[in-house]
Amino acid sequence: MIVKMKKILTMMYNSCKIKIKGYNMNVNNVNNINDVAKICKKSNKPVVIVTGVTGQDGSYMVDYLLKNYPDKYTIIGCVRRLSVSNHKNIQHIKNNNFHLVYFDLTDTNNISTLIQTTKPLYFINLAAQSFVGNSWDIAKQTWETNSSGIIDILDSINRKSTRLNSSHTDISRMPSS
């Protein structure tokens, strides 16, 4: 029974690896907030937090930062915890200055803890529920992500930092009545 369970667990673990052109990007490469805080402290570089890194704008922002400032910042990319990871837009990034962290834009404590422990110089929020069709089906989640999340970010920045710069995308994709 134990041997069978071990085989099942091994099979499940192996299925969690994303195989990309011969490169294995294990979903375990995503850190928790405490691990990222240690990485930031050890790097001794200014920290840039980018939310929405698995989306188009977020992945382009990380590419831009790494290309134009290759060794200037420690870049923290925030990703949602999903049962099936969606790292297609960032699979090409292999840079020691880029680290992923699990992040929930609808969790005030999560936002506050990330800002407090990493002490970022920049916080670039590019995360949003942007698919208009889904926005009507899951209106409350859309509101919490696209509006309440921004308020929580700004509130945490206001309470936790005096030197933090922030940037947010516009909310033109919000459903209107």
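Refer to the structure above for everything that follows.
Quantities reported herein were computed from a predicted structural model and do not represent experimental measurements. (Residues numbered from 1 in each chain as written. Predicted model: local features only at pLDDT ≥ 70, side-chain atom pairs only at ≥ 80, totals over all residues. Heavy atoms only, no water.)

Caption draft 1: Region of the structure containing the overall build of the protein chain. What the protein chain contains, in helices and strands, is six helices and eight strands. Shown N-terminal to C-terminal, the secondary structure of the protein chain runs as helices and strands in the order α-β-β-β-α-β-α-β-β-α-β-α-α-β. Counting over 177 residues, the protein chain shows a buried share of 38%. Sequence-distant contacts, at least 24 apart, represent 72% of the contacts inside the protein chain between residues at least 6 apart. For the protein chain, the exposed surface amounts to about 11100 Å²; the carbon and sulfur share of it is 53%. (Helix = DSSP H or I, 4+ residues; strand = E, 2+ residues; numbered from the N terminus. Buried < 20%, exposed > 50% of the residue type's maximum accessible area, 1.4 Å probe, protein only. Contact = heavy atoms within 4.5 Å. Areas by Shrake-Rupley, 256 points an atom, 1.4 Å probe, with all protein chains shown as cover.)

Caption draft 2: Structural context of helix α6 (residues 139-160). With 22 residues, α6 extends 30 Å from end C-alpha to end C-alpha; this agrees with the ideal 32 Å at 1.5 Å per step. Where α6 bends most, at Ser148, the angle is about 35 degrees. Of the residues making up α6, those classed as buried are Thr142, Thr145, Asn146, Ser147, Gly149, Ile150, Asp152, Ile153, Ser156 and Ile157. (Expected span 1.5 Å × (residues − 1). Bend = angle between axes of the 7 residues up to and from the residue.)

Caption draft 3: Region of interest: the environment of Lys160. Residue placement: Lys160 occurs in helix α6. The sequence separation of Lys160 and Gln116 amounts to 44 residues, and the corresponding C-alpha distance is 5.9 Å.

Caption draft 4: Representation of unusual backbone geometry. A positive phi angle, near 60 degrees, is found at Asn44, a position not held by glycine. Tracing the backbone through its elements, the reader meets Asn44 in the loop between α2 (33-43) and β4 (47-51). You can call Asn44 exposed: its relative accessible area is 72%. Residue Lys119 is not a glycine yet carries a positive backbone phi of 50 degrees. Here Lys119 is to be found in the loop between α4 (108-118) and β7 (122-125). You can call Lys119 exposed: its relative accessible area is 54%.

Caption draft 5: The packing of aromatic side chains, seen in detail. Under the counting rule described, the total for this entry stands at three aromatic pairs. A centroid spacing of 5.8 Å and a plane angle of 70 degrees characterise the contact between Tyr69 and Tyr73, whose relative ring orientation is edge-to-face. In textbook terms, an aromatic cluster arises when at least three aromatic residues are bridged by ring pairs, as seen for Tyr64, Tyr69, Tyr73 and Tyr122. (Phe/Tyr/Trp six-rings, centres within 6.5 Å; stacked < 30°, edge-to-face > 60°.)

Caption draft 6: Molecular detail of the side chain of Thr118. If you trace the backbone, Thr118 turns up in helix α4. Excluding anything up to four places from it in sequence, Thr118 contacts Val36, Ala37, Cys40, Val47 and Ile49.

Caption draft 7: Representation of the side chain of Asn125 within the structure. Along the chain, Asn125 falls in strand β7. Look at Asn125 and you get buried, because its relative accessible area is 2%. Within polar-contact distance, the side chain of Asn125 engages the side chain of Thr51 at 2.5 Å. (Polar contact = N/O pair within 3.5 Å; in protein donor to acceptor, adjacent residues only side chain to side chain.)

Caption draft 8: How the structure looks around the environment of Lys119. Considered as a pair, Lys119 and Lys41 are 78 residues apart in the sequence and their alpha carbons are 9.2 Å apart. Here the side chain of Lys119 touches Gln116 through a polar contact of 2.9 Å, landing on its backbone oxygen.

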